[in-house]
Amino acid sequence: IKELIGRATTSFKGSPKNRVANIKNGAKFLSGHIIKPGEEFSTITTLGTIDNTTGYLPELVIRGNRTVPEFGGGLCQVSTTLFRSVMSAGLPVTERQNHSYRVIYYERDGDEKFIGPGLDATIYQPKPDFKFLNDTSGNVLITGYVVGTRLTFELYGTKDGRSAKIDGPKTLSTIPPGDPIYVETDELEPGEEKQVEKPHPGGNAIATYTITYTDGTKKGCFI
């Protein structure tokens, strides 16, 4: 472990206090973890139990097609920032899934600049997970910290001459929010209506992540 090999910062400005607390707590659990050569890192496994016994608070998460409060809401900011630091380091991503609908926190960089949708990584116990491989010849150390409303992950190891490039994200199309969906329930009084979810705009986006090794070998994937 000699030098910085990857770094990424995201902003969570405007987050409620429970979300901020969960982000700080999640970063604490990942920070200091060492990944051995050839080892696959699992974010979910490393975070461990996500409930009130490990310092997490109830906050909104996406579950299915609803946004509901659960312990650990906001941890996707942690996995998304780690994801971007991994790409900065040029390490292979082995498992990653985007959110089921657009979330404004993940469409900005660390300086609040709009970059568009597509560079996010959602997690939820036990799945989906965010995983990546340490295919370097040395150990890789994860460090994570919060300054103000910015979360940063840094990866330390030994540079081997590889380079990484992210082309995008590029928004291909946008979809306006849909019409209201009404669902009958016996939990309200007759004639009473209650809004449980807000409409979200959708869209299609693409990014290309390419790793180039010193021998000229390239590994690429669409994000």
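Overview of the structure. (Residues numbered from 1 in each chain as written. Predicted model: local features only at pLDDT ≥ 70, side-chain atom pairs only at ≥ 80, totals over all residues. Heavy atoms only, no water.)

Brief notes about the pattern of salt bridges
Applying the stated criterion to the full structure yields ten salt bridges. A salt bridge links Asp111 to Arg150, with the shortest nitrogen-to-oxygen separation between them at 3.0 Å. Placement of Asp111 in the loop between β6 (93-95) and β7 (131-133) and of Arg150 in strand β9 (residues 150-157) is noted, with a sequence separation of 39 residues between them. With relative accessibility at 61%, the residue Asp111 sits in the exposed group. Connected through salt bridges with shared partners, the residues Glu95, Lys127 and Lys131 form a single ionic network. (Salt bridge = Lys/Arg side-chain N within 4 Å of Asp/Glu carboxyl O. Helix = DSSP H or I, 4+ residues; strand = E, 2+ residues; numbered from the N terminus. Buried < 20%, exposed > 50% of the residue type's maximum accessible area, 1.4 Å probe, protein only.)

Some details on the packing of aromatic side chains
If you walk through the whole model with that rule in mind, you get five aromatic pairs. Measuring from centroid to centroid gives 6.0 Å for Phe29 and Tyr56, while their planes differ by 20°, and the two rings are stacked. Taken together, the residues Phe29 in helix α1 (residues 17-30) and Tyr56 in the loop between α2 (43-47) and β4 (58-63) connect sequence positions 27 residues apart. A residue is classified by how much of its surface remains accessible, and Tyr56, at 2% relative accessible area, is buried. Counting every residue linked through ring pairs, the aromatic cluster contains Phe41, Phe83, Phe130 and Phe132. For Arg19, the ring lying beneath its charged end belongs to Tyr105, and the centroid distance is 3.7 Å. (Phe/Tyr/Trp six-rings, centres within 6.5 Å; stacked < 30°, edge-to-face > 60°. Lys NZ or Arg CZ within 6 Å of the ring centre and 35° of its normal.)

A few points about the sheet that holds strand β11 (residues 202-212)
Strand order in the open sheet formed by three strands is β10-β11-β12, with antiparallel pairing between adjacent strands. Edge positions in the sheet fall to β10 (163-175) and β12 (218-222), since each has one partner strand and no second. Averaged over all neighbouring strand pairs, the angle between strand axes comes to 10°, with direction disregarded. (Pairing = 2+ DSSP bridges. Axes fitted to C-alpha atoms, helices over the stretch in contact; angles between N-to-C directions.)

What about helix α3 (residues 75-89)?
Helix length check: α3 (15 residues) gives 21 Å between terminal C-alpha atoms against 21 Å at 1.5 Å per residue, within 8%. Of all 15 residues in α3, 14 are buried; the element is thus mostly enclosed. Downstream of α3 by a residue or two, Gly90 has a phi angle that is positive, lying close to 75°. (Expected span 1.5 Å × (residues − 1).)

Digging into the packing of α1 against α3
Between α1 and α3, whose axes approach to 7 Å, the crossing angle comes to 45°. On the basis of their axis angle, the class for α1 and α3 is oblique. Handedness of the α1/α3 crossing: right-handed. Of the residues in α3, those touching α1 at Arg19, Asn22, Ile23, Gly26, Ala27 and Leu30 are Leu75, Gln77, Val78 and Leu82. Its residues assigned to classes, the contact of α1 with α3 comprises six nonpolar, three polar and one charged. (Parallel < 35°, antiparallel > 145°, perpendicular 65-115°, else oblique. Left-handed = near helix turned anticlockwise from the far one by under 90°. Contact = heavy atoms within 4.5 Å. Nonpolar A, V, L, I, M, F, W, Y, C, P; charged D, E, K, R; others polar.)

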